[in-house]
Amino acid sequence: MARSGALVAALTGPPALFRHGLAGLATAGATAGGQFALVLVVTRSLTPAAAGAFFTATALCLMLAGVVRLDIGNGLVHALARNRSVDGAGRDGGRRLVRGILAPVAALASVTGAGVVVAAGPLAGLTGVPGGVWVVLAAALPFVALSDVLICATRGLGTMRPTLLLAGAVQPLGQLALVTAAVLAGAPPPVLAAAWALPSVAGAALAAVRLRGLGPYDVGEVGAFWRHTAPRSAAAAVQSVFQRLDVVIVALLAGPAAAAVYTAATRFKVLGQLAGQGLAQAAQARLVRALAEGDLDGARALYRTTTRWLVVLTWPLWLGYAALAPWLLPLFGPAYAGGGAIALVLSATMMVATACGMVDVVLVAGGRTAASLANVATAVAVTITLDVLLVPAHGALGAVLGWSGGVLVKNLLPAVQVHRRYGLLPFGGGRSVELAKTPDGSGAAGAARAAS
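Parameters and conventions
- Residues numbered from 1 in each chain as written.
- Predicted model: local features only at pLDDT ≥ 70, side-chain atom pairs only at ≥ 80, totals over all residues.
- Heavy atoms only, no water.
- Helix = DSSP H or I, 4+ residues; strand = E, 2+ residues; numbered from the N terminus.
- Buried < 20%, exposed > 50% of the residue type's maximum accessible area, 1.4 Å probe, protein only.
- Contact = heavy atoms within 4.5 Å.
- UniProt positions renumbered as here; feature names shortened; annotations may be inferred.
- Axes fitted to C-alpha atoms, helices over the stretch in contact; angles between N-to-C directions.
- Parallel < 35°, antiparallel > 145°, perpendicular 65-115°, else oblique.
- Left-handed = near helix turned anticlockwise from the far one by under 90°.
- Nonpolar A, V, L, I, M, F, W, Y, C, P; charged D, E, K, R; others polar.
- Phe/Tyr/Trp six-rings, centres within 6.5 Å; stacked < 30°, edge-to-face > 60°.
- Expected span 1.5 Å × (residues − 1).
- Salt bridge = Lys/Arg side-chain N within 4 Å of Asp/Glu carboxyl O.
- Patch = residues over 30% accessible without salt bridge, like charges linked within 9 Å, V, L, I, M, F, W, Y side chains within 5 Å.
- Areas by Shrake-Rupley, 256 points an atom, 1.4 Å probe, with all protein chains shown as cover.
- pLDDT = per-residue confidence, 0-100.
- Polar contact = N/O pair within 3.5 Å; in protein donor to acceptor, adjacent residues only side chain to side chain.
- Core = buried A, V, L, I, M, F, W, Y, C linked by side-chain atoms within 4.5 Å.
- Bend = angle between axes of the 7 residues up to and from the residue.

1. Some remarks on the overall build of the protein
Here is step 1: Helix and strand content of the protein: 17 helices and two strands.
Here is step 2: Evaluated residue by residue, the protein yields a buried proportion of 54% over its 452 residues.
Here is step 3: Long-range pairs, those at least 24 residues apart, make up 81% of the contacts in the protein with a sequence separation of at least 6.

Below, the structure written as structure tokens:
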């Protein structure tokens, strides 16, 4: 009991979760601010059609990067958090990291990039994005994918500094500065795409250097790593599609100008999503350890604490956006003033999602990667179905309704599963459950037995 109480204090006290949580939130805030400013620069400087083409191309690049990275960033957080660093492990662990984990992602990203180059002509015809843009983004794809993976690996070793510096400053502020300079110089679309992609190249290189300086570390056996990560890899691929597909669908079904309006009106969702991401970055490794050691009290404390933070931090944002949208959206330009209904749907949906807390993070931390995959796949199916039905007639509003349906499914399904399996609730009480230790010490990854 004393051990459990000490772990709860370590997980939730100021020296641990609060400090790392603040770092995660600072990263999220800087990233969200940079992205919002980037959208503002693009929409105010380019025509709606040109802005929509830019947003469509970058959304597809990020979607592909999310697919090819196979979620090994979260897998590395899990592996490095579980395997204690030991003297002499750095060299062997580093070799396994590079050869068995990073190499497959780099190879897959390169092959996918080559495919994009080959398909640049047809893609230009379908989306209205010049073929040169696709060639530039294809070349940058491996760096976009690996930068996130390498930054995640540094978090698995217990430090938030590289995340704060690289993900919170170098990449978003670099994109903003370079794209702004390119726009002011009247650069052609391929140069704009290069300006957007270059900070990811720098981020990948700097993260690799920083990771080498954090040894020794041990990623465990490569086979065990992929057995754990493979189900989540598929889920992450589907999740990446879910996050970006709406912009692409709007561009295909309603045109680039409608995609620009949709991107601008929904840009505020990044603020709430990144707040959740910032807290997840701080809490994920601790959730893994708490559930692995069978400490349900620690997991419950983390889940409830982060949910309260999410609600306190984001609900004022959503309420304010819903009320002020008629005045905020014209900031992007006169063509974007009609997105008030989109703002209302977005705000209501995100408030519900936030109240569910980091349910998917809890599910994955407990080893329920197959359930996470099924949940996200269901959410994508709902989104695509609603988009196909609604976007042709209602444009950007139809797209946000489809997105809303997917988000509700994506959050409510795991909320029910987490409650049934672990008795966890984002607020209030919960059922008493007993976590059974598995032979490998993975605790919740094996069996959680509910007690009435």
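What follows picks up the thread again.
2. With respect to the UniProt feature "transmembrane region" (unreviewed entry) in the protein
Here is step 1: When the UniProt feature table is mapped onto this chain numbering, "transmembrane region" (unreviewed entry) sits at residues 46-68, 101-125, 131-152, 164-185, 309-329, 341-363 and 370-390.
Here is step 2: A helix fraction of 96% and a strand fraction of 0% characterise residues 101-125, whose end C-alpha atoms lie 36 Å from each other.
Here is step 3: Here residues 341-363 is 87% helix and 0% strand, with 33 Å between the C-alpha atoms at its ends.

3. Some thoughts on the packing of helix 8 (residues 161-184) against helix 9 (residues 189-212)
Here is step 1: As a packed pair, helix 8 and helix 9 sit with axes 8 Å apart at the nearest point and diverge in direction by 155°. When the axis of helix 8 is compared with that of helix 9, the two are roughly antiparallel. Viewed along their axes, helix 8 and helix 9 form a crossing whose handedness is right-handed. Residue-level inspection shows Pro162, Leu166, Val170, Gln171, Gly174, Gln175, Leu178, Val179, Ala182 and Val183 of helix 8 in contact with helix 9, the latter providing Leu192, Ala195, Trp196, Leu198, Pro199, Ser200, Gly203, Leu206, Ala207 and Arg210.
Here is step 2: The class makeup of the residues in the contact of helix 8 with helix 9 is 14 nonpolar, five polar and one charged.

4. Let's talk about the environment of Gly298
Here is step 1: Mapped onto the fold, Gly298 is located in helix 13 (residues 296-328).
Here is step 2: Note: C-alpha distance between Gly298 and Arg286 (12 residues apart in sequence) is 8.7 Å.

5. Concerning unusual backbone geometry
Here is step 1: Phi at Leu70 is positive, roughly 60°, even though this residue is not glycine.
Here is step 2: Despite not being glycine, Asp71 has its phi angle at roughly 60°, a positive value.
Here is step 3: Relative to the assigned elements, Asp71 resides in the loop between helix 3 (48-68) and helix 4 (72-82).
Here is step 4: Judged by its relative accessible area of 8%, Asp71 falls in the buried class.

6. Examining the packing of aromatic side chains
Here is step 1: All chains considered together, the criterion is met by four aromatic pairs.
Here is step 2: Ring geometry for Phe36 versus Phe332: centroids 5.6 Å apart, planes at 70°, classification edge-to-face. On the criterion of sequence distance, the pair formed by Phe36 in helix 2 (residues 14-45) and Phe332 in the loop between helix 13 and helix 14 (340-355) is long-range, its members being 296 residues apart.
Here is step 3: The exposure class assigned to Phe332 is buried, which follows from its relative accessible area of 0%.
Here is step 4: The rings of Phe36, Phe332 and Tyr336 are connected pair by pair, giving a single aromatic cluster.

7. Let's talk about helix 14
Here is step 1: Look at helix 14: 23 Å from first C-alpha to last across 16 residues, which is about the 22 Å you get at 1.5 Å a residue.
Here is step 2: Those residues of helix 14 that sit buried are Ile342, Ala343, Val345, Leu346, Ser347, Thr349, Met350, Met351, Ala353 and Thr354.

8. Observations concerning the pattern of salt bridges
Here is step 1: Applying the stated criterion across every chain yields a total of one salt bridge.
Here is step 2: Between Asp148 and Arg69 there is a salt bridge whose closest N-O contact spans 3.6 Å. Remark: Arg69 occurs in the loop between helix 3 and helix 4 and Asp148 occurs in helix 7 (residues 131-156); sequence separation between them is 79 residues.

9. Section: the environment of Gly128
Here is step 1: Following the sequence through the fold, Gly128 ends up in the loop between helix 6 (120-127) and helix 7.
Here is step 2: On a C-alpha basis, the gap between Gly128 and Pro256 in space is 7.3 Å, while along the polypeptide they are 128 residues apart.
Here is step 3: Excluding residues that lie within four positions of it along the chain, Gly128 makes contacts with Ala53 and Leu123.

10. A look at a nonpolar patch on the surface
Here is step 1: Nonpolar side chains collect at one region of the surface, where Leu126, Leu252 and Leu253 lie side by side and expose about 290 Å² of accessible area between them.
Here is step 2: Following the sequence through the fold, Leu253 ends up in helix 10 (residues 222-254).
Here is step 3: For Leu253, a relative accessible area of 43% gives the class partly exposed.

11. A word on the confidence of the model for the protein
Here is step 1: For the protein, per-residue confidence averages 79 on the pLDDT scale, and 80% of positions sit at 70 or higher.
Here is step 2: Across the protein, element-level confidence peaks in helix 3 with a mean pLDDT of 93 and bottoms out in strand 2 (residues 447-450) with 30.
Here is step 3: Low confidence marks residues 1-14, where pLDDT is under 50. Its contacts with residues over four positions away, or in another chain, come to 24 contacts.
Here is step 4: Counting contacts from residues 430-452, a segment whose pLDDT is below 50, to residues more than four positions away or on other chains yields 58 contacts.

12. Quick notes on the side chain of Ser347
Here is step 1: Mapped onto the elements of the fold, Ser347 is located in helix 14.
Here is step 2: With relative accessibility at 2%, the residue Ser347 sits in the buried group.
Here is step 3: Within the structure, the side chain of Ser347 is placed 3.1 Å from the backbone oxygen of Trp318, a separation counted as a polar contact.
Here is step 4: Those residues within four positions of Ser347 in sequence are excluded, and the remaining contacts are Trp318, Tyr321 and Ala322.

13. With respect to the nonpolar core
Here is step 1: Judged by nonpolar contacts, the single largest core of 73 residues is most densely connected at Trp134, Val179, Trp196, Tyr262 and Tyr321.
Here is step 2: At 11 residues, helix 3 tops the list of elements feeding residues into this core.
Here is step 3: If sequence neighbours within four positions are ignored, Trp134 has contacts with Ala57, Leu60, Val116, Ala120, Leu123, Ala124, Thr127 and Val129.
Here is step 4: By size, the runner-up hydrophobic cluster in this structure holds 19 residues, among which are Ala79, Val105, Ala153 and Ala167.

14. What about helix 9?
Here is step 1: Counted at 1.5 Å a residue, the expected span for helix 9 with its 24 residues is 34 Å, and the 36 Å between its end C-alpha atoms agrees.
Here is step 2: Helix geometry: helix 9 is bent most strongly at Ala197, by close to 30°, with proline Pro199 lying one to four residues after it.
Here is step 3: The complete set of buried residues in helix 9 reads Leu192, Ala193, Ala195, Trp196, Ala197, Pro199, Ser200, Gly203, Ala204, Ala207 and Leu211.

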